[in-house]
Amino acid sequence: MDRKLKEMQAMWQAQNVEVPDATILVKQLQKIDRRAKVERYIMLFTAPLTTLFLLWLLPVLESMYSLVAVVLIGSGMYMVLQQADKAKPGNLAKKLDFSNRSFIESQIGKLRQLILIASKYMWFYTGMLIAGINLGYIDALADYSMETRVTVHVSLSVTILFFMYFSIKKRLQKYGREIVPLIDRLESVRAQLANV
Amino acid sequence: MASKKELFNLFYGESKDKLYRLCLGFTGNTADADDLFQEVLIKIWQNLESFRKESKLSTWAYRVATNTAMLFLKRRTQLYDRQTTLDTTVQQTPVAPGPEAAVQKEEQISKLYQAIATLKEIDRIIISLLFEKCSYQEIASITGLSPTNVGARINRIKNSLSKKLV
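Residues numbered from 1 in each chain as written. Chains lettered and ligands numbered in written order. Predicted model: local features only at pLDDT ≥ 70, side-chain atom pairs only at ≥ 80, totals over all residues. Heavy atoms only, no water.

### Notes on the packing of aromatic side chains
Residue and element names in this part refer to chain A. All told, the structure shown has 11 aromatic pairs over all chains when counted by the stated rule. Between Tyr41 and Phe45, the ring centres sit 6.4 Å apart and the planes meet at 20 degrees, which makes this aromatic pair stacked. Of the two residues, Tyr41 and Phe45 both sit in helix H2 (residues 22-57), 4 residues apart, roughly one turn of that helix. A relative accessible area of 47% places Tyr41 in the partly exposed class. With centroids separated by 5.8 Å and ring planes inclined at 85 degrees, the aromatic side chains of Tyr121 and Phe124 adopt a geometry described as edge-to-face. (Phe/Tyr/Trp six-rings, centres within 6.5 Å; stacked < 30°, edge-to-face > 60°. Helix = DSSP H or I, 4+ residues; strand = E, 2+ residues; numbered from the N terminus. Buried < 20%, exposed > 50% of the residue type's maximum accessible area, 1.4 Å probe, protein only.)

And the structure:
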């Protein structure tokens, strides 16, 4: 290393810092671990519990409509969860011991996956949810007049559609503010890593 | 086999100052460096069990730190880990009023860190690792560049920093 760099290195090393005590830190980190574990369990059990609740709520053994409804809603949920799993922070963390180049490449893909979930898979789920809920209501509304049944089905569909539309729109706006600039930044770092 | 807590204590004892300097070099100011240091510690804690001992603990920690830095924007735009906040506020030793030389030295150090923070992200990482006495080979394995390329870049970074520090 030449003299100039050595001088800079000496200055760099002379930066004086006092960092927190390890014992206190470890206690705080263990607290974070416990919270993360609870969150993981909640995520793990939400979809199966919802499916079980639907199986209990709807007469799946007597009605084909109910059975198809549960299958549709359940499949929709698992489809979104499967896609979300590909981009979840837990998976990202496992890649942290990669080189910067590999990490950035995997990050860009995962961040794009998040946008894809909101812009595409959430709409697939919306379609499956609307179809499933409407099928589930067919038997429940069997004794009502055609007019009432149509009104209930249309109202339900429109309500879900509006709810999902605004949720997806809000999420995409958030991604536009946070993820898109981050992808741009990572793309720029990837360009810096070109071996030229 | 060492427990996660023991491994963390070992790592923290060895690398805390180096990692904090790396965070400060990446961000250029103590407020952001504190936030980044906190994120890095959380990531290291969460991933300690995946440390495979194929590399030195410090090299592994640098990888985690530099990759975390890459995703670090600032608190208001953080994407992940909205978790319990770690109290890692680092107390800078205040510059004692007194000898002019000490104050001047402090200013020079601060200027150096700020100059480093204006470099491109990868250049910041390269020069910080070099100043932490990493070999070209180590820097190459952390960044994913070739050792030759690391050498060429260091020369360019040195020139750029020299101009900024005039």
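Next, the rest of the story.
### A few points about the confidence of the model for chain A
Chain-level pLDDT for chain A is 88 on average; 94% of the residues reach the 70-or-more range. Looking across chain A, the model is least confident in helix H4 (residues 89-94) of chain A, with a mean pLDDT of 56, and most confident in helix H6 (residues 146-192) of chain A, with 94. (pLDDT = per-residue confidence, 0-100.)

### Quick word on unusual backbone geometry
All names here are of chain B. Even without glycine at this site, Lys133 takes up a positive phi of about 70 degrees. Along the chain, the position of Lys133 falls in the loop between helix H5 (121-131) and helix H6 (136-143). According to the relative accessible area criterion, Lys133 is exposed, its value standing at 63%.

### Thoughts on H2 of chain A
In this model H2 of chain A runs 51 Å from its N-terminal to its C-terminal C-alpha over 36 residues, within 8% of the 52 Å that 1.5 Å per residue would give. In H2 of chain A, a bend of some 35 degrees at Thr46 of chain A exceeds every other bend along the element, and Pro48 of chain A, a proline, comes one to four places later. Looking at the buried side of H2 of chain A, the elements it contacts are helix H3 (64-87) of chain A together with helix H1 (4-27) and helix H2 (30-47) of chain B. (Expected span 1.5 Å × (residues − 1). Bend = angle between axes of the 7 residues up to and from the residue. Contact = heavy atoms within 4.5 Å.)

### Points about the pattern of salt bridges
Residues and elements named next belong to chain A. Taken as a whole and judged by the stated rule, the model has 11 salt bridges over all chains. For the salt bridge of Arg190 with Glu187, the shortest nitrogen-to-oxygen distance reads 2.8 Å. Of this pair, Arg190 and Glu187 both sit in helix H6, separated by 3 residues, roughly a single helical turn. Here Arg190 falls in the partly exposed class, since its relative accessible area comes to 31%. (Salt bridge = Lys/Arg side-chain N within 4 Å of Asp/Glu carboxyl O.)

### Observations regarding the nonpolar core
Counting residues in hydrophobic clusters, the biggest one holds 77 residues, and the most contacted among them are Phe8, Phe11, Tyr12, Ile44 and Ile127 of chain B. The dominant element in this core, judged by the number of residues it contributes, is H1 of chain B, at 10 residues. If sequence neighbours within four positions are ignored, Ile44 of chain B has contacts with Phe8, Phe11, Leu19, Trp60, Ala61 and Val64 of chain B. Ranked by size, the runner-up nonpolar core spans 18 residues in total, among them Val60, Met77, Val80 and Ile117 of chain A. (Core = buried A, V, L, I, M, F, W, Y, C linked by side-chain atoms within 4.5 Å.)

### Structural notes on the packing of H5 of chain B against H6 of chain B
Residue and element names in this part refer to chain B. One can describe the packing of H5 onto H6 by two numbers: an axis separation of 10 Å at closest approach and a directional angle of 145 degrees. By crossing handedness, the relation of H5 to H6 is classed as right-handed. Contacts between H5 and H6 involve Ile125, Ile126, Leu129 and Leu130 from the first element and Tyr136, Ile139, Ile142 and Thr143 from the second. Its residues placed into classes, the contact of H5 with H6 shows 7 nonpolar, 1 polar and no charged. (Axes fitted to C-alpha atoms, helices over the stretch in contact; angles between N-to-C directions. Left-handed = near helix turned anticlockwise from the far one by under 90°. Nonpolar A, V, L, I, M, F, W, Y, C, P; charged D, E, K, R; others polar.)

### Some details on the confidence of the model for chain B
Residue and element names in this part refer to chain B. Counting all residues, the mean pLDDT for chain B is 83, and 82% of those residues have values of 70 or more. Looking over chain B, one finds the lowest element-wise mean pLDDT in strand S1 (residues 91-92), namely 52, and the highest in H5, namely 95. pLDDT under 50 marks residues 75-84. Its contacts with residues more than four places away, or in other chains, come to 24 contacts. Scored as a whole, the predicted complex attains pTM 0.80, and scored at its interfaces, ipTM 0.82.

### A look at the environment of Pro59 of chain A
Residue and element names in this part refer to chain A. Relative to the helices and strands, Pro59 is located in the loop between H2 and H3. Pro59 sits in the partly exposed class, given a relative accessible area of 33%. Counting along the chain gives 81 residues from Pro59 to Ala140, while the straight-line C-alpha distance between them is 9.9 Å.

### What to know about the packing of helix H1 (residues 3-14) of chain A against helix H7 (residues 147-164) of chain B
Axes are the key here: two packed helices are described by the angle between their axes and the distance separating the axes. Where H1 of chain A meets H7 of chain B, the closest approach of the two axes is 11 Å, and the angle between their N-to-C directions is 70 degrees. In terms of orientation, H1 of chain A lies roughly perpendicular with respect to H7 of chain B. Of H7 of chain B, the residues touching H1 of chain A (which contributes Lys4, Leu5 and Met8 of chain A) are Ile154, Lys158, Leu161 and Ser162 of chain B. Grouping the constituent residues of the contact of H1 of chain A with H7 of chain B by class yields 4 nonpolar, 1 polar and 2 charged. (Parallel < 35°, antiparallel > 145°, perpendicular 65-115°, else oblique.)

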